[in-house]
Amino acid sequence: MVPPAGTPVNPQQIQQFLSSVLSQRGPSALPYTEDTKWLIRQHLLTLIPAYPSLEPKTATFTHNDGRSVNLLQADGTIPMPFQGVTYNIPVIIWLMESYPRHPPCVYVNPTRDMIIKRPHPHVTPSGLVSIPYLQNWIYPSSNLVDLVRELSQCFSREPPLYSQRRPTPSPSPSPSPNPNPNPHTNPNPNSANPAVASGYGPSTARPHPVRPFPPSPYGGRVQQQTEDPMEVYKRNAVNKLVEMAHADISAMRKAREAEMEGLFSTQALLRRREEEINKGVKELQDEIEGLEQQLQMVLMNSDVLESWVRENQSKTNVLKNVNVDNAFECVDVLSKQMLDCTAADLAIEDVVYALDKAFQEGAVPFDHYLRNVRLLSREQFFHRATAAKVRAAQMQAQVASMAARSQHYAT
């Protein structure tokens, strides 16, 4: 449980509270991803010591579409120095579901006797705050401490809240219970001082006298004070330098973001190429293994052939006087005719190939080459035609033999 407002902040209690709510599971779990819960916890634990007036809580946030969700928030005040006096601006910093990858949602939370300045460059009439730090939020470097510091600086240049003018001044009534005992209340409720209301007046950490702000845009007479021109010049110069520095930082941040996007794209490309290279290396390794297996098979077959040659070396002397044409005997006339036709066809093919080589080298005249090729082609055609007829006859004989054999088995 978070301690009630106005009590001293106990870091140990805050730490226990955050550890408890961020470790919950089931329907009551907060809608943050598991990989960002530790960073959210660190952001809040770093924020509380820097700005003790902000307290982490859980509350229900309603989206524009009517959907409600339980979220973490930092509720309280942030200091706003203005004309030598530090005021406390009530705000609520909602940590949305996509935090910290996306910026939080900041609202100015005026009390009943406060009004939001209209128009304001950074605060809408509903209290929604929009400053460059939120617009240029960078994960994971952006954090809540720097955000609150930027809010304080922006509000000090342009206060977002004014105290409402009351119809009649109260004749010093007894003080009512104050929800925040540290800040003082506004001694002049009719003045147009920004953010001077019950519980959110000038901070007691710097007990400067309350000086009136410029006139409220909603009317009311305020006692005008003359200021030293040098002080005004210095303040304007400082504000101008701050604005220029902020513009330069924003430009540098955008340039760095573009550079980071380029680097991320290059990184993704390099990773894809790494995957392709790894895939190619694996394919090469598989091919090497396959070739090594084939090499082993070839070597084994070579050993078998060499062994066979050594064993049959003595038989070659017997086969020296054997006629090659009589080495194979055909079983019938058709087979002998098929062998002769095939041998003649292959021989003519070799002769034509030799004539082509001779003609390309200029050894044979063109007319002789054409005449011989024509004669050889005619002869080769007859041999191939004869081989086709022989093959058909062999098929018929084989079919007849199979029919006779099946009839014999049938009987």
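Residues numbered from 1 in each chain as written. Predicted model: local features only at pLDDT ≥ 70, side-chain atom pairs only at ≥ 80, totals over all residues. Heavy atoms only, no water.

Looking at an unreviewed UniProt entry, one finds the protein chain named Protein ELC, with Melia azedarach as its source organism.

Enquirer: Break down helix α1 (residues 11-22) for me, citing the residues and quoting the values.
Expert: In this model α1 runs 16 Å from its N-terminal to its C-terminal C-alpha over 12 residues, within 8% of the 16 Å that 1.5 Å per residue would give. Taken as a whole, α1 has its buried residues at I14, F17, L18, V21 and L22. Angular distribution of buried residues about the axis of α1 spans 110°; they occupy a single face of the element. Contact partners of the buried residues in α1: α2 (34-50), β1 (54-62) and β2 (68-82). (Helix = DSSP H or I, 4+ residues; strand = E, 2+ residues; numbered from the N terminus. Expected span 1.5 Å × (residues − 1). Buried < 20%, exposed > 50% of the residue type's maximum accessible area, 1.4 Å probe, protein only. Arc of directions from axis to C-beta. Contact = heavy atoms within 4.5 Å.)

Enquirer: With reference to specific residues and values, describe the packing of α1 against α2.
Expert: Put simply, α1 and α2 touch, their axes get as near as 10 Å, and they point 160° apart. Here α1 is positioned roughly antiparallel relative to α2, judged by the angle of their axes. Crossing hand, α1 versus α2: right-handed. Across the interface between the two elements, I14, Q15, L18, S19 and L22 of α1 pack against K37, R41, L44, L45 and I48 of α2. Tallied by class, the residues present in the contact of α1 with α2 amount to 6 nonpolar, 2 polar and 2 charged. (Axes fitted to C-alpha atoms, helices over the stretch in contact; angles between N-to-C directions. Parallel < 35°, antiparallel > 145°, perpendicular 65-115°, else oblique. Left-handed = near helix turned anticlockwise from the far one by under 90°. Nonpolar A, V, L, I, M, F, W, Y, C, P; charged D, E, K, R; others polar.)

Enquirer: Hey, could you go over the confidence of the model for the protein chain for me, with residue numbers and the actual values?
Expert: A low pLDDT means the predicted coordinates there should not be read in detail. Looking at the protein chain, the pLDDT average stands at 80 and 79% of residues meet or exceed 70. Every residue in residues 1-6 scores below 50 in pLDDT, and together they form 14 contacts with partners more than four places removed in sequence or on other chains. Contacts from residues 168-225, a stretch scored under 50 in pLDDT, to residues over four places away or in other chains number 118 contacts. (pLDDT = per-residue confidence, 0-100.)

Enquirer: Which residues make up the packing of helix α6 (residues 333-360) against helix α7 (residues 366-410), and what are the values?
Expert: Running from N to C, α6 and α7 point in directions that differ by 160°, and their axes come no closer than 9 Å. Classified by the angle between their axes, α6 and α7 sit roughly antiparallel to one another. Of the two elements, α6 crosses α7, and the hand of that crossing is left-handed. Class assignment of the residues belonging to the contact of α6 with α7 gives a composition of 16 nonpolar, 7 polar and 6 charged.

Enquirer: Explain the sheet that holds β2 to me, using residue names and the numbers behind them.
Expert: Pairing within the open sheet is antiparallel, and its 4 strands lie in the order β1-β2-β3-β4. Each of the sheet's edge strands pairs with one partner strand only, and the pair in question is β1 and β4 (105-108). The average angle at which neighbouring strand axes cross in this sheet is 35°, direction not considered. Of the pairings in the sheet, the one linking β2 to strand β3 (residues 85-95) comprises 11 bridges and is antiparallel in character. Across the sheet, the residue bridging to I78 is I89, located in β3. Across the sheet, α1 is in contact with β1 and β2; its angle to β1 comes to roughly 25°. Most of the contacts of helix α4 (residues 144-157) go to β2, to which it runs at about 50°, and overall it touches β1, β2, β3 and β4. (Pairing = 2+ DSSP bridges.)

Enquirer: So what's going on with the environment of G127? Residues and values would help.
Expert: Note that G127 resides in the loop between β5 (114-116) and α3 (132-135). For G127, a relative accessible area of 0% translates into the label buried. Distance in space between the C-alpha atoms of G127 and V108 is 4.8 Å, their sequence separation being 19 residues. Sequence-distant contacts of G127, that is, excluding residues within four places in its chain, are made with V106, Y107, V108 and I116.

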